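Now for the letters of each chain:
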Amino acid sequence: MPLETTSLFLYHETMVSTFKRGLKLSTRKHATEGKPVETAPVPGQVVIPVNQHFGAPNKSLVQVGDRVKRGQKIADAAGPGPMTVPVHASITGIVKKIEPRPQSNNTSGPCIIIEAEPGDHDDDNEYLPVLDPFTCTREEALARIREAGITGMGGAGFPSHIKLSPPQGKTIDIIIADGAECEPYLTTDEAVMTEKPHLLVRGLSIVMKITGVKKAIIGMEDNKARLIPMIEREIRLNKDAAGENPGDISIGLCKTLYPQGGEKMLITALTGREVPSGGLPMDAGCIVQNAGTLVAIAEAFTLGKPLIDRDLTVSGGACKTPKNIRVPIGTILTDLPKEFMDLDMAKLRKIIFGGPMMGTAVSTLNIPIQKNTSGVILMTMEETLADEEGPCIRCGRCIRNCSCRLSPVLMNMALEAGDLDEAVRTGLLDCIECGSCAYMCPARIKLTQRFRVGKQRLRARQAAAQQAAAQQAKAKV
Ligand code: SF4
Ligand code: SF4
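Residues numbered from 1 in each chain as written. Chains lettered and ligands numbered in written order. Predicted model: local features only at pLDDT ≥ 70, side-chain atom pairs only at ≥ 80, totals over all residues. Heavy atoms only, no water.

A. Representation of the overall build of the chain. In terms of regular secondary structure, the chain is built from 13 helices and 17 strands. On C-alpha atoms alone, the chain measures out to a radius of gyration of 22 Å, which is about the 23 Å that the 2.2 N^0.38 rule sets for 477 residues. Summarising its shape, the C-alpha atoms of the chain cover approximately 65 × 60 × 60 Å along the three principal directions. Surface summary for the chain: the accessible area is close to 20,800 Å², and the carbon and sulfur share equals 54%. Positive and negative side-chain charges of the chain, numbering 57 and 53 respectively, have mean locations separated by a distance of 5 Å. (Helix = DSSP H or I, 4+ residues; strand = E, 2+ residues; numbered from the N terminus. Rg over C-alpha atoms; globule rule 2.2 N^0.38 Å. Areas by Shrake-Rupley, 256 points an atom, 1.4 Å probe, with all protein chains shown as cover. Lys, Arg positive; Asp, Glu negative; His and termini not counted. Charge placed at Lys NZ, Arg CZ, Asp CG, Glu CD.)

Right under this line is the structure:
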């Protein structure tokens with residue numbers, strides 16, 4: 001049925017899809033749902049992490065005392081290799097310090113601290129030149145996405161230009177825009193899709209042009225069905241340089257079920273395909289891009305704007321002014337004026353960067369917002385689960401509720417025994433860290449946290465093995 005003639009009612013009745021298993025969570029989105037994105041006043045300083053991507057490290061390109069302009073590149077690759085993404089100044093001002101600061105992944109990393117210069121610098125910036133994505137070459141388009149510092153905004157910060165360059169032999173035939181936003185509390189993607197549907201569709205068209213893929217699906221949970229008419233309209237209006245509609249873009253509604261926004265779940269729900277064990281979305285012929293990332297890609301071409309602002313949800317019972325906000329990257333929430341962001345420190349029990357299921361609990365608010373910060377949730381005692389761990393009672397609830405059909409209890413036993421190989425054999429690398437098992441565990445065992453640490457140990461072991469092999473090879477020469 002053509003999109004133009006598909007009614008909202010029919011979407012509800014015939015096209016709502018999903019994946020097997022999953023949790024019906026209380027969405028707790030009411031405090032910010034339907035609220036516009038409010039632009040925060042420019043803070044007095046920003047603390048910009050030099051490394052905000054998954055990949056090789058960056059180095060600072062500026063020194064203490066330098067004046068930098070909003071949009072200026074201030075950090076880039078420390079060495080050769082494609083897995084790097086530059087970082088840009090999000091405000092105009094003076095570099096005051098370059099030093100390690102705590103970050104949202106609970107590590108300390110090098111940060112560039114910029115003190116704001118008074119005044120509005122939105123027109124006095126150092127953006128990139130505007131570039132037509134439909135007439136430039138594929139290489140120019142990928143270089144633009146890298147130069148604009150774009151990484152996945154919904155997850156680990158994977159470089160977008162790498163995601164859009166699948167290796168030879170991998171055939172991609174569907175692009176998926178991930179607008180599911182299945183985490184409780186978070187409403188940023190919904191707000192962005194409401195306010196910038198034209199950029200969502202434009203970003204999708206750019207990605208289709210780069211990859212040569214003719215079909216795209218915008219995936220949303222059915223609690224966002226009200227957005228369908230405005231996105232459909234943008235799909236109809238979307239034209240390339242030749243005035244043609246640049247491909248087949250449709251909307252796929254999915255059940256509101258956690259973790260519907262996980263790449264593997266969304267692919268299954270929208271296409272019926274399964275990502276094979278140990279595989280990636282490209283192994284199922286798909287590339288998945290977060291809705292916010294697609295908007296950032298569109299802005300990198302149409303405005304030449306690097307990724308320097310972040311839209312996020314600030315919510316939870318210890319936030320007196322829950323809202324969707326836009327801040328310069330590097331903003332520390334407590335640097336915002338109280339009239340704009342009022343926190344109830346007496347009630348604050350737990351701080352989460354990201355959503356409560358997949359995000360990271362941090363011990364301080366003195367942590368900057370970075371490219372992949374989708375939300376900051378400030379929870380009260382009533383909103384948090386008890387922290388005290390008990391012994392496993394072998395109830396099997398973690399197995400029954402794992403969205404990836406793994407055996408969390410066995411993975412945990414292997415990790416407790418220090419047996420990384422057994423943990424991998426029982427599914428560690430297929431775990432998407434969705435948090436469902438830990439949420440359902442009556443013994444409150446921190447299963448997901450253990451799996452995260454287990455993967456870090458595995459990566460460290462692999463790196464050590466590679467280093468040893470390289471040293472051995474060197475010694476033989
Ligand atoms: S084992 Fe991993 S994928 Fe399965 S429920 Fe737990 S966190 Fe989610
Ligand atoms: S849900 Fe918790 S208590 Fe039950 S089997 Fe899994 S780890 Fe053990």
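On we go from here.
B. Summary view of the site of ligand 2. Around ligand 2, the neighbouring residues are Cys 392, Ile 393, Arg 394, Cys 395, Gly 396, Cys 398, Val 409, Cys 441, Pro 442 and Ile 445. Looking at side-chain class alone, the shell around ligand 2 contains 8 nonpolar, 1 polar and 1 charged residues. (Near = heavy atom within 4 Å. Nonpolar A, V, L, I, M, F, W, Y, C, P; charged D, E, K, R; others polar.)

C. Up close: the site of ligand 1. For ligand 1, the full set of nearby residues is Cys 402, Cys 404, Pro 408, Cys 431, Ile 432, Glu 433, Cys 434, Gly 435, Ser 436, Cys 437, Thr 448 and Phe 451. Spatially, ligand 1 is embedded in the largest cavity. Put simply, the parts of the chain that give the shell around ligand 1 at least two residues each are α12 (436-440) and α13 (447-476). Grouping the constituent residues of the shell around ligand 1 by class yields 8 nonpolar, 3 polar and 1 charged. (1 Å grid on protein atoms, 1.4 Å probe; cavity = no way out; pocket = protein on both sides within 12 Å on 5 of 7 lines; lining within 4 Å. Sits in = over half its atoms within 2 Å of the grid points.)

D. A look at the pairing of strand β10 (residues 215-221). Here β10 lies mainly inside the structure; 6 of its 7 residues are buried. Pairing analysis gives 4 bridges linking strand β9 (residues 174-178) to β10, with the strands arranged parallel. Counterpart to Asp 178 in the pairing with β10 is Gly 219. The pairing of β10 with strand β11 (residues 248-254) spans 7 bridges and is classified as parallel. In the sheet register, Glu 221 faces β11, and the bridge partner there is Cys 254. (Buried < 20%, exposed > 50% of the residue type's maximum accessible area, 1.4 Å probe, protein only. Pairing = 2+ DSSP bridges.)

E. Quick look at the sheet that holds β11. The 4 strands lie next to each other as β11-β10-β9-β12, forming an open sheet whose pairing is parallel. This sheet does not close on itself; its edge strands, each paired only once, are β11 and β12 (286-290). When strand polarity is set aside, the average angle formed by the axes of neighbouring strands in this sheet is 25°. Most of the contacts of helix α6 (residues 228-237) go to β11, to which it runs at about 165°, and overall it touches β10 and β11. In this fold helix α7 (residues 263-271) packs onto β9, β10, β11 and β12, with an angle of close to 120° to the strand it touches most, β9. (Axes fitted to C-alpha atoms, helices over the stretch in contact; angles between N-to-C directions. Contact = heavy atoms within 4.5 Å.)

F. Molecular detail of the side chain of Thr 32. Summarising the element assignment, Thr 32 is placed in the loop between α1 (8-14) and β1 (37-39). A relative accessible area of 1% places Thr 32 in the buried class. Setting aside chain neighbours within four positions, we find Thr 32 in contact with Tyr 185, Thr 187, Thr 313, Val 314, Ser 315, Pro 322, Lys 323 and Asn 324.

G. How the structure looks around the environment of Gly 316. By the secondary structure assignment, Gly 316 is in the loop between β13 (309-315) and β14 (323-328). Looking at Gly 316, the relative accessible area reads 10%, which means it is buried. Along the primary structure Gly 316 and Pro 356 are separated by 40 residues, whereas in three dimensions their C-alpha atoms are 9.9 Å apart. In this structure, Gly 316 is in contact with Tyr 185, Ile 377, Leu 378 and Glu 383, ignoring residues within four places of it in sequence.

H. Highlighting the confidence of the model for the chain. For the chain, the mean per-residue pLDDT works out to 91, and 95% of the residues sit at or above 70. Overall, residues 1-14 carries pLDDT values under 50, and its contacts beyond four positions in sequence, including any with other chains, amount to 22 contacts. (pLDDT = per-residue confidence, 0-100.)

I. Molecular detail of the layout of surface pockets. In this model, the second largest pocket occupies a volume close to 580 Å³. Taken together, 33 residues make up the lining of the second largest pocket; nearest its centre are Arg 70, Lys 305, Asp 309, Arg 326 and Val 327. Of all the secondary-structure elements, those providing two or more residues to the lining of the second largest pocket are α4 (188-195), α8 (291-302), β13 and β14. Ranked by residues supplied to the lining of the second largest pocket, first place goes to α8 with 4 residues. (Points joined across faces, edges and corners; volume = space filled by probe spheres on them.)

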